[in-house]
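The lines below spell out each chain.
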Amino acid sequence: MWDQDSAREDLEIPGRKEGAKNIHIGIDWLSSVSFGHTTKVGKRSSCWAGATPPWTACRTSRRIGRRHVKVIVRSGFDEMKASPWEKEDAAHEGIPILNFLVPKEFVTKNGKLSGMIFQK
């Protein structure tokens, strides 16, 4: 799952359409979990974050079973728009935060999202 920097912003970069099945807008994904439409998740998740909804999405995905979750942001830790408690809680939950990474491309293999390329 990839969550965008703001609640409704989509990330139109190469590979977006090919990986669409596994790329979600944070607020939409949270609604799906809240209403019981999403009850299980895969093993890995990365959230492209900055504002609060993606942080909540990454923490929620950890709580419903994702083992490997990380947060990726364009800015530095201090410049992120998220509330200080969101960043602290994610850190306490063992979710790594990778700073200063600009998304360039979604990588797909055999029709499935397999990763993402960033520029530091």
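Higher on the page you've got the structure.
Residues numbered from 1 in each chain as written. Predicted model: local features only at pLDDT ≥ 70, side-chain atom pairs only at ≥ 80, totals over all residues. Heavy atoms only, no water.

Enquirer: What am I meant to see in the nonpolar core here?
Expert: When a protein is soluble and globular, its nonpolar side chains tend to lie buried together. Counting 10 residues, the largest nonpolar core is built from Cys-47, Trp-55, Cys-58, Val-69, Val-71, Val-73, Met-80, Ala-82, Ala-90 and Ile-95. Of all the elements in the fold, those that place two or more residues in this core are α2 (52–63) and β2 (68–72). Residues Ile-13, Trp-48, Ile-72 and Leu-113 belong to the second largest nonpolar core, which totals nine residues. (Core = buried A, V, L, I, M, F, W, Y, C linked by side-chain atoms within 4.5 Å. Buried < 20%, exposed > 50% of the residue type's maximum accessible area, 1.4 Å probe, protein only. Helix = DSSP H or I, 4+ residues; strand = E, 2+ residues; numbered from the N terminus.)

Enquirer: I'm lost on the sheet that holds β2 in this one. Help?
Expert: Pairing between sheet strands relies on hydrogen bonds along the backbone, with the strands arranged either parallel or antiparallel. If you trace the three strands from one edge of the open sheet to the other, you get β1-β2-β3, paired in parallel fashion. The open sheet is flanked by β1 (44–48) and β3 (97–98), the only strands paired with a single partner. (Pairing = 2+ DSSP bridges.)

Enquirer: What am I meant to see in the packing of helix α1 (residues 26–34) against α2 here?
Expert: Geometry of a packed helix pair, given as the angle between the helix axes and the separation of the axes. Where α1 meets α2, the axes come as close as 8 Å, and the angle between the chain directions of the two elements is 40°. As judged from the angle between their axes, α1 and α2 are oblique. Crossing of α1 over α2 shows left-handed handedness. In this structure, α1 uses Gly-26, Ile-27, Trp-29, Leu-30 and Val-33 to contact α2, whose residues at the interface are Pro-53, Thr-56, Ala-57, Thr-60 and Ser-61. (Axes fitted to C-alpha atoms, helices over the stretch in contact; angles between N-to-C directions. Parallel < 35°, antiparallel > 145°, perpendicular 65-115°, else oblique. Left-handed = near helix turned anticlockwise from the far one by under 90°. Contact = heavy atoms within 4.5 Å.)

Enquirer: Can you help me understand the environment of Gly-36 in this one?
Expert: Mapped onto the secondary structure, Gly-36 falls in the loop between α1 and β1. The spatial distance from the C-alpha of Gly-36 to the C-alpha of Gly-19 is 23 Å, given a sequence separation of 17 residues.

Enquirer: Would you take a moment to explain the pairing of strand β4 (residues 102–109) for this structure?
Expert: The side chains of a regular strand alternate, residue by residue, between the two faces of the sheet. In this sheet, strand β5 (residues 112–119) lies alongside β4 in antiparallel orientation, the contact comprising seven bridges. Counterpart to Phe-106 in the pairing with β5 is Met-116. Connecting β4 to the next strand, β5, in antiparallel fashion are two residues, including Asn-110 with a positive phi near 55°.

Enquirer: Just to check I follow, could you spell out the pattern of salt bridges for this structure?
Expert: A side chain of one charge can pair with a side chain of the opposite charge when the charged atoms of the two come close. The tally for this structure, following the rule as stated, stands at four salt bridges. Measuring nitrogen to oxygen at the nearest pair gives 3.1 Å for the salt bridge that ties Glu-86 to Arg-59. Here the residue Glu-86 occupies a position in helix α3 (residues 84–92), and Arg-59 occupies one in helix α2, the gap between them amounting to 27 residues. Residues Glu-86 and Arg-59 agree in their burial class; the two are buried. (Salt bridge = Lys/Arg side-chain N within 4 Å of Asp/Glu carboxyl O.)

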